[in-house]
Amino acid sequence: MGIALVGILFLVILVVGHEFGHFFAAKLFGLRVDEFGFGFPPRILSRKKGETRYSLNLLPFGGFVKIHGEHSEPGETPEDPKRSFNNQSAFRRGTIILAGAIMNFIIGWIALSLVFAVGIPNRVVIERVAEGSPALLAGLASGETIYGFDSAEDFVKHINENVGKEISVNDKLIIPRENPPAGEGALGVVVTDVGIEKQNILRSAWSGLTGALMTTFLIAQSFFGFIGGIFTGNFDVVEGVTGPVGIFNMLGDVSALGFTSLVQFLGLISLNLVVINLIPFPALDGGRFLSVVIEKLIGRRLNHKVEIVANAVGLSLLLLLMVVVTIKDIMEIF
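This section reports on the structure supplied with the text. (Residues numbered from 1 in each chain as written. Predicted model: local features only at pLDDT ≥ 70, side-chain atom pairs only at ≥ 80, totals over all residues. Heavy atoms only, no water.)

Quick notes on the overall build of the protein
The helix and strand inventory of the protein stands at 9 helices and 7 strands. Long-range contacts, defined here as pairs at least 24 residues apart, represent 63% of the contacts in the protein between residues at least 6 apart. (Helix = DSSP H or I, 4+ residues; strand = E, 2+ residues; numbered from the N terminus. Contact = heavy atoms within 4.5 Å.)

Okay, structure coming up:
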């Protein structure tokens, strides 16, 4: 139940945060927002406050902000033309479109800043295990945390003091070698310290910002590698993607590491959404922003019907991918 609540909280923060970016930017420019929806229709609950309807919808794969006049046909006069999305300048429309991804970046920045402000206790983690080593034969693996030691230095010292003797590492009995191969060490592992030192508010905010920028860059770099792998046939698009079910399943492992690790995980997911939403693909914010850029370059609006069809096809493909990935994630669990 605890993991389920965490998963729901993550979904609410990420979706509502993203859509609030669009909502805030639209309101900032004085536009009329007709609906702010969590999930996609059909509606379950809704309530109108002022000129905006707030709704809870059945399909929990995201959310939406319905800005007045956004989907009006060419030549069609909106009810409130001055506050209509399509009657705004390219700069305003582009800003509103990008505001969702900007909000996801801010969420990631805040989350990482909180991690630096609170700190994460140091853990000794196995970085690499040598082939044929005592560690490998005993069942130790890369990525595993070694318990009972405050630092990698303490662990290495303990191993060197017990060469040739049977010792216990993570409840596994191992005898460190007296004459190991060059560069492998008595146990045959490379260990590292994993933790974050607690920082003051200003320093943690700066560390969070630089960390968010670097993480976003690395995610984007990884994404371009992913796309390149698809076109060269070296990557399986379905196997390379994790959906909501897969992420939800990962929450159990992350939550075992404590609250700070959960906040860090939230920040990483939000920064992933920054990159995903800026992909220049129809139905995504990146695709909509690209159409605004093309409009400025050619000096006229793109064909409205073509945009509608492209967005509909893009959304259908994204939903299909989501269904396939969800099925894959469920099969991996069971």
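From this point, the discussion proceeds with the structure in view.
Quick word on the packing of helix α2 (residues 90-118) against helix α7 (residues 259-277)
Between α2 and α7, the least distance of the axes is 8 Å, while the angle of their chain directions is 155 degrees. In terms of orientation, α2 lies roughly antiparallel with respect to α7. For the crossing formed where α2 meets α7, the hand is left-handed. In this structure, α2 uses Ala101, Asn104, Phe105, Ile107, Gly108, Ala111, Leu112, Leu114, Val115 and Val118 to contact α7, whose residues at the interface are Thr260, Val263, Gln264, Gly267, Ser270, Leu271, Leu273, Val274 and Asn277. Classifying every residue of the contact of α2 with α7 gives 12 nonpolar, 7 polar and no charged. (Axes fitted to C-alpha atoms, helices over the stretch in contact; angles between N-to-C directions. Parallel < 35°, antiparallel > 145°, perpendicular 65-115°, else oblique. Left-handed = near helix turned anticlockwise from the far one by under 90°. Nonpolar A, V, L, I, M, F, W, Y, C, P; charged D, E, K, R; others polar.)

What about the nonpolar core?
Grouped together as the largest cluster of nonpolar side chains are 17 residues, with contacts concentrated most on Ile146, Phe155, Val189 and Val191. Secondary-structure elements contributing two or more residues to this core are β3 (120-129), α4 (152-161), β5 (167-169) and β7 (189-196). Beyond its immediate sequence surroundings of up to four residues, Val191 is in contact with Val124, Val125, Ile126, Glu127, Ile146, Ala152, Phe155 and Val156. Of all hydrophobic cores here, the second largest spans 14 residues; its members include Val65, Ala90, Ile96 and Ile97. (Core = buried A, V, L, I, M, F, W, Y, C linked by side-chain atoms within 4.5 Å. Buried < 20%, exposed > 50% of the residue type's maximum accessible area, 1.4 Å probe, protein only.)

Some words on a negative patch on the surface
Together, Asp150, Glu153, Asp154 and Asp193 make up a region of like negative charge exposed at the surface. Inspection of the secondary structure puts Glu153 in helix α4. On the accessibility criterion, Glu153 (65% relative accessible area) is exposed. (Patch = residues over 30% accessible without salt bridge, like charges linked within 9 Å, V, L, I, M, F, W, Y side chains within 5 Å. Areas by Shrake-Rupley, 256 points an atom, 1.4 Å probe, with all protein chains shown as cover. Salt bridge = Lys/Arg side-chain N within 4 Å of Asp/Glu carboxyl O. Lys, Arg positive; Asp, Glu negative; His and termini not counted. Charge placed at Lys NZ, Arg CZ, Asp CG, Glu CD.)

Some words on helix α8 (residues 285-298)
Across its 14 residues, α8 extends 20 Å between first and last C-alpha, which sits within 8% of the 20 Å expected from 1.5 Å per residue. When α8 is considered as a whole, its buried residues turn out to be Asp285, Gly286, Gly287, Ser291, Val292 and Glu295. (Expected span 1.5 Å × (residues − 1).)

Structural notes on the pattern of salt bridges
The full count for this structure, using the stated rule, is 10 salt bridges. Between Arg288 and Glu70 there is a salt bridge, and its shortest N-O distance comes to 2.3 Å. Separated by 218 residues along the polypeptide, Arg288 in helix α8 and Glu70 in the loop between β2 (52-67) and α2 bring together distant segments of the chain. Glu70 gets classed as buried once you look at its relative accessible area, which sits at 10%.

Concerning the environment of Val263
Position of Val263 relative to the elements: it lies in helix α7. Each C-alpha atom of the pair Val263 and Val115 lies 6.9 Å from the other, and the pair is 148 residues apart in sequence. In this view, Val263 contacts Ala111, Leu114 and Val115; residues no more than four positions away in its chain are not counted.

Structural notes on a nonpolar patch on the surface
On the surface, Leu5, Ile8, Val12, Val16, Phe20, Phe24 and Leu28 cluster together into a nonpolar patch covering about 640 Å² of accessible area. As for its position among the elements, Val12 is in helix α1 (residues 2-28).

Regarding the environment of Ile44
Considering the arrangement of structural elements, one finds Ile44 in strand β1 (residues 33-49). When its relative accessible area of 48% is taken as the criterion, Ile44 is described as partly exposed. Separated by 15 residues in the primary sequence, Ile44 and Leu59 have C-alpha atoms spaced 9.8 Å apart. In contact with Ile44, other than residues within four places in its own chain, are Leu56, Asn57 and Leu58.

What to know about the packing of aromatic side chains
What the rule picks out here adds up to 8 aromatic pairs. Geometrically, the ring pair formed by Phe23 and Tyr54 is tilted, given 6.5 Å between the ring centres and 55 degrees between the ring planes. Placement of Phe23 in helix α1 and of Tyr54 in strand β2 is noted, with a sequence separation of 31 residues between them. Their ring planes at 35 degrees and their centres at 6.2 Å tell us that Phe36 and Tyr54 sit as a pair that is tilted. Placement of Phe36 in strand β1 and of Tyr54 in strand β2 is noted, with a sequence separation of 18 residues between them. Take Phe36: its relative accessible area is 11%, and that puts it in the buried class. (Phe/Tyr/Trp six-rings, centres within 6.5 Å; stacked < 30°, edge-to-face > 60°.)

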